[in-house]
Amino acid sequence: MEQLSQTLERFGGVYLLPFALAVVAFIMIGAPSSWVTLTVAGLAMGMMVFLMASGLSLVFGLMDVLNFGHSAFVSFGAFVAASVLAALGGWLGSDSVILNALALILALLSAVAFGVVAGWFFESVIIKPVYKDHLRQILITMGALIVSEQVILAIWGGTPITVHRPQFLEGAFIFGDVSIEVYRVFAFVLGLAVFIGLHVLLNRTRIGLLIRAGVENREMVESLGFRIDRLFIGVFVLGSALAALGGAMWAGYVTLITPALGAEMMIVVFIVVIIGGLGSIQGTLLGAIIVGLTANYIGYLAPKLSLASNMLLMMAILMWRPNGLRPAVK
Amino acid sequence: MTRKMTFGALGVKAVMLIIAAALLFAPFLFQDVRSIEVAARICIFIVLVASYDLLIGYTGIVSFAHTMFFGFGAYGAAIALKEMGPGWNAVLLGGVLGMLVSLVIAAAIGLVSLRVKAIFFAMITLAAASVVLVLASQLSQFTGGEDGITYKVPDLFKPATKLLVDDAGKVVKLFGVSLNGKIAAYYFVFLSTLVLFLLLLRITVSPLGTVLEAIRENDVRAEAIGYRVVAYRTFVFCLSAAVASLVGTVYAVWLKYTGPETALSFDIMIDILLMVVIGGMGTMWGAVVGAVLLVLAQYYLRDLMGAAAEVVSSVPLLPELLNPDRWLFWLGLIFILLVYFFPKGIVGTLMTKGARG
């Protein structure tokens, strides 16, 4: 048993979980073509959830601040992107791929820009006064979430809004009897790019070094003369921008968004962060992929169970590893 | 308590007396249907908020699953009344079953997650509550889905029931109010919530309450002195879950209807949070003040906001924000400001008024 676990650890340890999940699902589903479709859908969903969750996890790891209002950035990102896409409807409808892509890039960029501004505002106005006081942090960020949901309702109204996708992301690739939606591939690639970017930023740059040091021991970094509060704002802004990006991508994925979107995604994001372990990017990615895959597999195998499955998964993992799979904060 | 009462504390006690008297005589003081509705809702929410205050204010645990337990009690009674027909044994059975479910789930959540950080606990309860909400609307053969369940309550509470009859066989009127089943239902709500509230009040002044406050102030120290913090936290979580569940049963009997909107929705959780913070965390009196103010605001502030929206109709965006449906926006703002500037809430701030140093 000891030897087995060591061998497993050498081959990747908990990172093997998604593969194990995929193999089990393959046996249970039986049909390879639906399995491929479901796996791609799960990976795409996982990557979008990763975009939303990474910021929350990083902010907690570095600042010991849990932002219950994080999902507000997700919904604002979705609505801003939807509005920009609607405004550029002419570009979307044209046959030119360049105009299409330009509209998409503008929509995503405006969501990110909004995330940056809103994140900066949120951090300096709402959260700064309540550092180190968890109770008041939870209450205040919850209050901010209520207010921002109401603002969304006031601006965009309560009716669902249709999101227009660019022409070149519609449709699907067909390989034999397997069909893969283009948008899912796009979401997966974008998420992977962001993950690699974050990974490089954290592990290969000086700023990343400081951030990781701050997660380990904040006071030591401060006493060495670094302005860790500026890093805080930077990380918070980055996190909210990523959340807005994730929301924008999600809007294009579901194509019909309501103001309840943020609250729905928040639950998934929390489960991902808890499963992955707070504070680490790898853990968040792992949690997001596991949740994405399980949601899609269970949704196919036992639709009634699909919503409870995430919760059961979280309970099981918490029993096994009370701090999540790959926590950065001890 | 040997400390001398402050001027503010006296004021708070006086307000409590007025509220208690108003609730006791509510059916005679305010003789329209809506007012009785408001008074019953206030009674229910006072206990719900007080049991939540035991968690957040006394022990320092933030849970977002309080409506879940409230819902268990309500749905327990509702399903039992629907299946077994109107009768006291259905209410009893449903209430007890709902409470047992609440206890089991609270114990499970508590043991799994109360040993980790407060923040983890908050997230887990939030996730659990939302899953239960979704389940309630999906398992429609038991819960009636989004539509909820309507059912009959014991005969005593029917408006046609005559509590006292005069010689002619007519319902006796007292101060112009006919003593029918509606009055009986209101006093059922009033008395059961009063008992639960007094129970909670008794717990907070017992040695147990002191231990809970010690855990809130410094859990490491409490552990070092020899109190088993996890056991105490789990116990108080179960206790408040049981009380919430019982109140849920009472509410279900009063409303004669149970659905996601009235018993489980996240809006109720937000209401409870607002009431606790506005009234003041860490005092049972705060729960009373918070519940009274907020329920009154819910019923009467919206009318005011509608009028205000008319006035500013020419300004962009403002009428949208003053729309009666947007009242949570203003409450949210007030909530944030209160947490910043008056973390003790109305009652907590008043209590220390007039104290020396």
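Residues numbered from 1 in each chain as written. Chains lettered and ligands numbered in written order. Predicted model: local features only at pLDDT ≥ 70, side-chain atom pairs only at ≥ 80, totals over all residues.

Description of the overall build of chain A
Part 1 of the reasoning: Counting secondary structure elements, chain A contains 14 helices and four strands.
Part 2 of the reasoning: In summary, chain A has a C-alpha radius of gyration of 20 Å against a globular reference of 20 Å for 330 residues, a match within 12%.
Part 3 of the reasoning: In terms of overall dimensions, chain A has C-alpha extents of about 60 × 60 × 35 Å along its principal axes.
Part 4 of the reasoning: Taken over 330 residues, chain A has a buried fraction of 48%.
Part 5 of the reasoning: Once local pairs closer than 6 in sequence are excluded, the contacts in chain A between residues at least 24 apart make up 78%. (Helix = DSSP H or I, 4+ residues; strand = E, 2+ residues; numbered from the N terminus. Rg over C-alpha atoms; globule rule 2.2 N^0.38 Å. Buried ≥ 20, exposed ≤ 12 C-beta atoms within 10 Å, placed from the backbone. Contact = placed C-beta atoms within 7 Å.)

A short note on the overall build of chain B
Part 1 of the reasoning: Regarding its fold elements, chain B presents 17 helices and four strands.
Part 2 of the reasoning: The long-range share in chain B, meaning contacts at least 24 apart out of those at least 6 apart in sequence, stands at 72%.

Let's talk about the interface of chain B and chain A
The figure often quoted for interface size is the accessible area lost as the parts come together.
Part 1 of the reasoning: Opposite the 34 residues of chain B that make contact, chain A presents 30 residues.
Part 2 of the reasoning: The set of elements that each furnish at least two residues to the side of chain B that touches chain A consists of helix H5 (88–113), helix H6 (118–138), helix H13 (266–279), helix H15 (318–322) and helix H16 (327–341) of chain B.
Part 3 of the reasoning: Each residue belonging to the side of chain B that touches chain A can be placed in one class, and the counts come to 27 nonpolar, five polar and two charged. (Nonpolar A, V, L, I, M, F, W, Y, C, P; charged D, E, K, R; others polar.)

With respect to the nonpolar core
Part 1 of the reasoning: Residues Met48(A), Val49(A), Val269(A), Ile46(B), Val49(B), Val247(B) and Ala291(B) are the most contacted members of the largest nonpolar core, which totals 221 residues.
Part 2 of the reasoning: The leading source of residues in this core is helix H3 (residues 32–63) of chain A, at 19 residues. (Core = buried A, V, L, I, M, F, W, Y, C linked by C-beta atoms within 7 Å.)

Comments concerning the pairing of strand S2 (residues 172–175) of chain A
The side chains of a regular strand alternate, residue by residue, between the two faces of the sheet.
Residue and element names in this part refer to chain A.
Part 1 of the reasoning: Sheet topology places S2 next to strand S3 (residues 178–181); four bridges connect them, and they run antiparallel. Each residue of the ladder has a partner; that of Phe173, found in S3, is Ile180.
Part 2 of the reasoning: As consecutive antiparallel partners, S2 and S3 are separated by two residues, and within that stretch Gly176 has a phi angle of approximately 60°, a positive value. (Pairing = 2+ DSSP bridges.)

A closer look at helix H12 (residues 261–276) of chain A
Residue and element names in this part refer to chain A.
Part 1 of the reasoning: Relative to the 22 Å expected for 16 residues at 1.5 Å per residue, H12 spans 22 Å between its end C-alpha atoms, a close match to the ideal helical length.
Part 2 of the reasoning: The buried fraction of H12 is high, at 14 of 16 residues.
Part 3 of the reasoning: One or two positions beyond H12, positive phi appears at Gly277, with a value near 100°. (Expected span 1.5 Å × (residues − 1).)

Topic: helix H8 (residues 181–205) of chain B
Part 1 of the reasoning: Taking 1.5 Å per residue, 25 residues should reach 36 Å; H8(B) reaches 36 Å between its end C-alpha atoms and fits that length.
Part 2 of the reasoning: Burial in H8(B) covers these residues: Gly181(B), Ile183(B), Ala185(B), Tyr186(B), Phe188(B), Val189(B), Phe190(B), Thr193(B), Leu196(B), Phe197(B) and Leu200(B).

A closer look at unusual backbone geometry
Part 1 of the reasoning: A positive phi angle is found at Thr255(A), which is not glycine, with a value near 60°.
Part 2 of the reasoning: Counting through the fold element by element, Thr255(A) comes out in the loop between helix H11 (228–254) and strand S4 (256–257).
Part 3 of the reasoning: Accessibility expressed as a C-beta count within 10 Å gives 14 for Thr255(A), which makes it partly exposed.
Part 4 of the reasoning: Non-glycine residue Lys256(B) carries a positive phi angle of around 60°.
Part 5 of the reasoning: The topology assignment puts Lys256(B) in the loop between helix H11 (229–255) and strand S4 (257–258).

A closer look at the packing of helix H4 (residues 66–84) of chain B against H13(B)
Residue and element names in this part refer to chain B.
Part 1 of the reasoning: Running from amino to carboxyl end, H4 crosses H13 at an angle of 120°, the nearest separation of the two axes being 8 Å. When the axis of H4 is compared with that of H13, the two are oblique. Both H4 and H13 take part in a crossing whose hand is right-handed. Side by side, H4 and H13 meet where His66, Thr67 and Phe70 of the first sit next to Ile268, Met269 and Ile272 of the second.
Part 2 of the reasoning: When its residues are assigned to classes, the contact of H4 with H13 shows four nonpolar, two polar and no charged. (Axes fitted to C-alpha atoms, helices over the stretch in contact; angles between N-to-C directions. Parallel < 35°, antiparallel > 145°, perpendicular 65-115°, else oblique. Left-handed = near helix turned anticlockwise from the far one by under 90°.)

Quick notes on the environment of Gly299(A)
Part 1 of the reasoning: Here Gly299(A) is to be found in helix H13 (residues 281–301).
Part 2 of the reasoning: The sequence separation of Gly299(A) and Arg321(A) amounts to 22 residues, and the corresponding C-alpha distance is 25 Å.

Remarks on the environment of Asp95(A)
Part 1 of the reasoning: In this structure, Asp95(A) sits in the loop between helix H5 (89–93) and helix H6 (97–127).
Part 2 of the reasoning: Sequence separation between Asp95(A) and Phe168(A) is 73 residues, and the spatial gap between their C-alpha atoms is 8.8 Å.

Some thoughts on the confidence of the model for chain B
Residues and elements named next belong to chain B.
Part 1 of the reasoning: On average, residues of chain B score 81 in pLDDT, and 87% of them reach the 70 mark or higher.
Part 2 of the reasoning: Per-residue pLDDT, averaged within each element of chain B, yields its smallest value for H15 (67) and its largest for H11 (90).
Part 3 of the reasoning: Two summary scores accompany this predicted model of the complex, namely pTM at 0.81 and ipTM at 0.76. (pLDDT = per-residue confidence, 0-100.)

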